Amino acid sequence: MFVSLLAGLSMFTVRGASNDQLEVYSWWTGPGEEEGLAAMAKSFEGANPGVRFVNAAVSGGAGSNAKAILASRLLANDPPDSYQRHAGLELLDDVRSGKVQDLSDMYREQDWAKVFPKGLVNNLTIDGKIYAVPVNIHRANLIWYSPKALKELGLAGPPKTWAEFLQQADVIKAKGKTPLAVGPEWTQKHLMETVLLGELGADKYERLWSGGISWLSPDVTSALDVYTKVLATSDVKSAAGDWQPQLDKVFSGSAVYAVMGDWSSSYLEQSKKLAYKSDYDVVASPGTDGVYDFLSDSFTLPTGARRPDLARKWLIECGSTAGQNLFNPLKGSIPARTDADAALYHGYLEWALQQWRDPKMRIVGSLTHGVVANNAYNAEIDSALGLFVQHGDQGKFARTVEQQFRETQ
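Residues numbered from 1 in each chain as written. Predicted model: local features only at pLDDT ≥ 70, side-chain atom pairs only at ≥ 80, totals over all residues. Heavy atoms only, no water.

(A) Spotlight on the overall build of the chain. Each helix and strand counted, the chain has 17 helices and 15 strands in total. Here the chain has a C-alpha radius of gyration of 21 Å; the compact-globule value for 409 residues is 22 Å, and the two agree. If one aligns the C-alpha atoms of the chain with their principal axes, the spans along those axes are about 65 × 45 × 40 Å. In the chain, which comprises 409 residues, the proportion classed as buried is 56%. (Helix = DSSP H or I, 4+ residues; strand = E, 2+ residues; numbered from the N terminus. Rg over C-alpha atoms; globule rule 2.2 N^0.38 Å. Buried < 20%, exposed > 50% of the residue type's maximum accessible area, 1.4 Å probe, protein only.)

Okay, structure coming up:
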C-alpha cells in the first residue's frame, strides 16, 4: 500500500511504527514526478511482500521546504530511511558531517560504473567515494523557442553562439519583442551558468568550479562581459515569478527565447498542450553543442536509518533499469543508465536520451542545480549575483565569488 504522509507528522508516525516499512523523503509532489515515485514504490512493494513504502514527500518551494525540514531531522538524528538530494556537491555537507553512508560497494556489486557514464560517476564521487544513487538525468544547457516565431522574424534558426544571439537580439528588439525571457534569481543564475559554459568551453568551465582558473582571469572576465550583455537584452526588470511564466512569455509571443532546463518539455506538452518541433523546439544553449550540462535527482543511505536493509533495496530499485524506466517517462526526464529501453522515450526525451548516450558527448555538472559547488559556496554566489544583477558591478561580483571560493571549501 502506497502511503502519503504530511511532512509535519511523518517523523512521529514512523518513530513508533513497525519494522516492516520504509520511509522515503523527497520533494516529488508535482504532476508526473508524484506518479513516477508511486510507480517505483509499487514496484518496490511488489518485490518486498509485507513491506510498506511510506512516502514522506514535502511539497513547495522547488524542494526548499523539504530541504529545510530534512535539515532539522538530520540535526536531531532522526533521518528517514532514504532521502533525495541533487547529485554532486549539494551532498558534501552531509558527507562531512557523517549523515550519509558510502555506497561504493553497492556500485561495484551492481556494476553501475558500466551503465552510468564516466562523467556522471566522476561528478557523483566525493573524496573518492560515492554516496548517492541517481534516478534520472535532466539537462540544464538548453534554449527554448517557437519555430513559427523565428520564421516570422526572418531568423534562420536559433543562435549557435552568444555573439550570434546578440546579433539576433538587435533584430528582435527592432520588431518590438523581448529577445530573452528570464524568471527569478535562480533562473538568472541558470542563464549565467550556460553563458559561462558557452564562452569558456567545458574544460575551463570545470576548472572554474575546482579553482583551476580564477574568476578574475581574462577568460572569465570576457565571459561575464557577455553575460552582462545577454542579460541586458532580457526582461530582467520585469522578470517572471517562476520558470513556467518565463516560458509562457515565449509561447505567448512577447519574448523569443528562454534558457531553462528540460523539465520545460513536460510543462509545454502536458500543461500548454504544445507539440515538440511544430509548436516548440529546443537546442543546446549557444556555444554548448556537444556538451551535456546535467543535474540529477538521487537517493541516499542515511546514517542511523531504521531499516538500512530496506533502504539498500530501495537504492537498488532506484538504480535499476526497471525502476528508472518506471519513473522517468512519467517524470519527463531520462534514465541515468545508458542501457534503459529507448522505446519508452518519445519527442524531446528521445532526443535527450540519444544525446546522453552519445559516447562523444562531454558531460559536465550544473552549478545552479547542486552538482559542482557546495551549498555554502552556492549561497555566496546567489548573494553576489543578486547584487550584480541589481547594481551591475561586474568586478565586485567576480572579486566576491573568487574570495568566497577560498573561504567555503
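(B) The packing of helix α13 (residues 308-319) against helix α14 (residues 321-331), seen in detail. At a minimum axis separation of 5 Å, α13 and α14 run at an interaxial angle of 65°. It follows from the interaxial angle that α13 and α14 lie roughly perpendicular. Across the interface between the two elements, Glu-317, Cys-318 and Gly-319 of α13 pack against Thr-321, Gly-323, Gln-324 and Leu-326 of α14. Each residue belonging to the contact of α13 with α14 can be placed in one class, and the counts come to two nonpolar, four polar and one charged. (Axes fitted to C-alpha atoms, helices over the stretch in contact; angles between N-to-C directions. Parallel < 35°, antiparallel > 145°, perpendicular 65-115°, else oblique. Contact = heavy atoms within 4.5 Å. Nonpolar A, V, L, I, M, F, W, Y, C, P; charged D, E, K, R; others polar.)

(C) Structural detail: the confidence of the model for the chain. For the chain, the mean per-residue pLDDT works out to 94, and 95% of the residues sit at or above 70. Low confidence marks residues 1-17, where pLDDT is under 50. Its contacts with residues over four positions away, or in another chain, come to 32 contacts. (pLDDT = per-residue confidence, 0-100.)

(D) Representation of the sheet that holds strand β13 (residues 291-295) within the structure. If you walk across this open sheet you meet the three strands as β8-β13-β15, and the pairing is mixed. Both edges of this open sheet fall to β8 (138-139) and β15 (362-365), since each of them pairs with a single strand only. Here β13 runs beside β15; their pairing, made up of four bridges, is parallel. Paired with Val-291 across the two strands is Arg-362, which belongs to β15. (Pairing = 2+ DSSP bridges.)

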